[in-house]
Structure formats: structure tokens, C-alpha cells
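Breakdown of the fold
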Amino acid sequence: MNASLRRESPGPSAAADIDAEMALLDAALADPAHPRLRLWRTHRCLVVTPLRAQRPHCQAAAAASAERGWPVVVRRTGGGPVPQGPQTLSLSLASAAPGAAAPGIDAAFRHFAGWLCDALRTCGLAPEIGEIEGSCCPGRYDIAIGGRKIVGIAQRRRQGRHGDTLLTATLVHAMLWLEGDLTAGIDALERFLDEAGAPQRFARDCMDTLERITAGRVSAARFETALSDAASALPPP
């Protein structure tokens, strides 16, 4: 898979950055021969799913969170609520294939998680795949180092036509905590959830940033270089 790589700094708003993911699905359907890989960062925010955003107290809680400097943004991929910001690297891979040839949901997850783990291994790390209970947005394809989660992965699918062919487009998104400290973001998320009537507490010791886990030995720049080097060799699912 020869993925076309695009790197992006934070745009005009977190909402605009996150909404841009859906454009990748459209691009994959329009040109299925060329998968799209986007490495991007955004402004600090709390990310939730459409279902959570529709709950009765969410709108008022989101307004209060925005006043505190943590706007709430809806994403169209799955998963639970999670903080993001400039020190978080997001990776989005969009591809399209005829329905029968499209990878299954688990195959797409395994493929993307395996590629991320390969990049981490080139940095001298030993990543592990599996759900990290108590973390933000836990899932079976969490990636951890030494038992501490640094990556969460979600997915979205859409059907469309390219000429006479019905295609299934798959968007797999990973959020990687690269730098800094997660405390402020998790505090903001827990307060928002309290005010939204859905209180939740997260286990702070099961999540961390790549910078802190490696004591600065693996920098954000080094890991992003490893990802870029691997992009052209990204294997098909």
C-alpha cells in the first residue's frame, strides 16, 4: 500500500481539524488506488461521540467546559471521550476497496495497530496491544508501553461508488499522546462528564505520554520520522 502522506499543524479550530477526517473518506472513494495517510495535531479540546453529545445535560456542560478553555468537539469515529491537544499526534488512514475485498473491522484495526507498533519498535520500544482498563477511550487495540497506554484507535466506514463499482471506504484513526503531562486534560474531561450527568473516573497511572514513559529518550520528532519513513511501506490489511 503506497499511502499518500499529509502532515498538518493545528487549523482554525479543533472542530475543523476533526471534521477534516471525513474528507479523507470522500477522497478515498474518489481515488481508491491511492490511500490517504494524515498526520495531524489540533488545539486542546475534549472529544466525544455523537451519542454522548445528544444526552440531556451535555450542551450546558460543553458550554461550561469551553469557558474553561476546553471546548467539546464531536468526532464521527467510535470510542469514548478523550482529551486532545497540540501535544497529541493524530494519525488517520483512509482507503477504499470493492465490498468483497474490503478488510473486516478487526483486520483493519490489526493492520493499523501493527504498523504503529513497528514504528515504535524502530525507536527501541516494546509496544503491547490490548485493552487498558481504566484508561480514556479503552479498546481492544490500545497500544501501551510497560502497561501504560499511549495510543487509542477508532474506526469509521462509508460506502460509495467509483464509476460503476460499489466501494467500502475505511478510516482508521489513532490518537497518540506524545508530549507533556495528561493531568490537566483528564481533570477537564472528568469535570465535563460530572456536569454532563455521566460521572467517570480514570486510572491516571495506566496512561502516559511517549516523552514521559521514555524519559525523553524517544522524542516526538524521532517518532514522527519513524512513521514517515514507514508510510510508503504501509502493508495492505
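In this report, we go over the structure that sits alongside the text. All figures in this text were calculated on a predicted structure; none of them were measured in a lab. (Residues numbered from 1 in each chain as written. Predicted model: local features only at pLDDT ≥ 70, side-chain atom pairs only at ≥ 80, totals over all residues. Heavy atoms only, no water.)

**Let's talk about the pattern of salt bridges**
- Tallied over the entire structure, the rule returns 18 salt bridges.
- Across the salt bridge formed by Arg-148 and Asp-208, the nearest N and O atoms sit 3.0 Å from each other. Pair noted here: Arg-148 is in strand β9 (residues 148–162) and Asp-208 is in the loop between α5 (183–195) and α6 (210–213), with a separation of 60 residues, a long-range link.
- For Asp-208, a relative accessible area of 6% gives the class buried.
- For the salt bridge of Arg-212 with Asp-181, the shortest nitrogen-to-oxygen distance reads 3.4 Å. Here Arg-212, found in helix α6, pairs with Asp-181, found in the loop between β10 (165–177) and α5; they are 31 residues apart in sequence, far enough to count as distant.
- Linked by salt bridges that have partners in common, Arg-7, Arg-41, Glu-179 and Glu-224 make up one network. (Salt bridge = Lys/Arg side-chain N within 4 Å of Asp/Glu carboxyl O. Helix = DSSP H or I, 4+ residues; strand = E, 2+ residues; numbered from the N terminus. Buried < 20%, exposed > 50% of the residue type's maximum accessible area, 1.4 Å probe, protein only.)

**As for the layout of surface pockets**
- Counted as a void, the largest pocket has a volume near 200 Å³.
- Along the walls of the largest pocket sit 16 residues, with Trp-70, Gly-85, Gln-87, Thr-88 and Asp-181 positioned nearest its centre.
- Elements that contribute at least two residues to the lining of the largest pocket include exactly β5 (82–84) and α5.
- Residues of the lining of the largest pocket, tallied by class, amount to 7 nonpolar, 6 polar and 3 charged.
- Classifying every residue of the lining of the second largest pocket by side-chain character gives 6 nonpolar, 5 polar and 2 charged. (1 Å grid on protein atoms, 1.4 Å probe; cavity = no way out; pocket = protein on both sides within 12 Å on 5 of 7 lines; lining within 4 Å. Points joined across faces, edges and corners; volume = space filled by probe spheres on them. Nonpolar A, V, L, I, M, F, W, Y, C, P; charged D, E, K, R; others polar.)

**Things to note about helix α3 (residues 58–67)**
- Listed as buried for α3 are Cys-58, Ala-61, Ala-62 and Ser-65. In a view along the axis of α3, the buried residues occupy a sector of 100°, so they form one face of it. Those residues of α3 that are exposed and angled more than 90 degrees off the buried face are Gln-59, Ala-60 and Glu-67.
- Of the surrounding elements, those touching the buried residues of α3 are β3 (45–48), α2 (50–53), β4 (72–74) and α5.
- A positive backbone phi angle near 95° is found at Gly-69, which sits one or two residues after α3. (Arc of directions from axis to C-beta. Contact = heavy atoms within 4.5 Å.)

**Let's talk about the packing of aromatic side chains**
- Within the structure shown, the criterion is met by 2 aromatic pairs.
- When the ring of Phe-109 is compared with that of Tyr-141, the centres are 5.1 Å apart and the planes differ by 15°; the resulting orientation is stacked. Remark: Tyr-141 occurs in the loop between β7 (127–129) and β8 (143–145) and Phe-109 occurs in helix α4 (residues 105–122); sequence separation between them is 32 residues. Each member of the pair Phe-109 and Tyr-141 is classed as buried. (Phe/Tyr/Trp six-rings, centres within 6.5 Å; stacked < 30°, edge-to-face > 60°.)

**Side note on the pairing of β10**
- Here β10 lies mainly inside the structure; 11 of its 13 residues are buried.
- Following β9, the chain reverses through 2 residues before pairing antiparallel with β10; Gly-163 in that reversal takes a positive phi of roughly 65°. (Pairing = 2+ DSSP bridges.)

**Structural notes on the side chain of Glu-190**
- Summarising the element assignment, Glu-190 is placed in helix α5.
- Of the polar contacts made by the side chain of Glu-190, one reaches the side chain of Arg-204; its length is 2.8 Å. (Polar contact = N/O pair within 3.5 Å; in protein donor to acceptor, adjacent residues only side chain to side chain.)

**Here we look at the environment of Ser-65**
- With respect to the helices and strands, the residue Ser-65 is situated in helix α3.
- For Ser-65, a relative accessible area of 1% gives the class buried.
- The sequence separation of Ser-65 and Asp-31 amounts to 34 residues, and the corresponding C-alpha distance is 39 Å.
- With sequence-adjacent residues up to four places away left out, Ser-65 is seen in contact with Leu-46, Trp-70, Pro-71, Val-72 and Phe-192.

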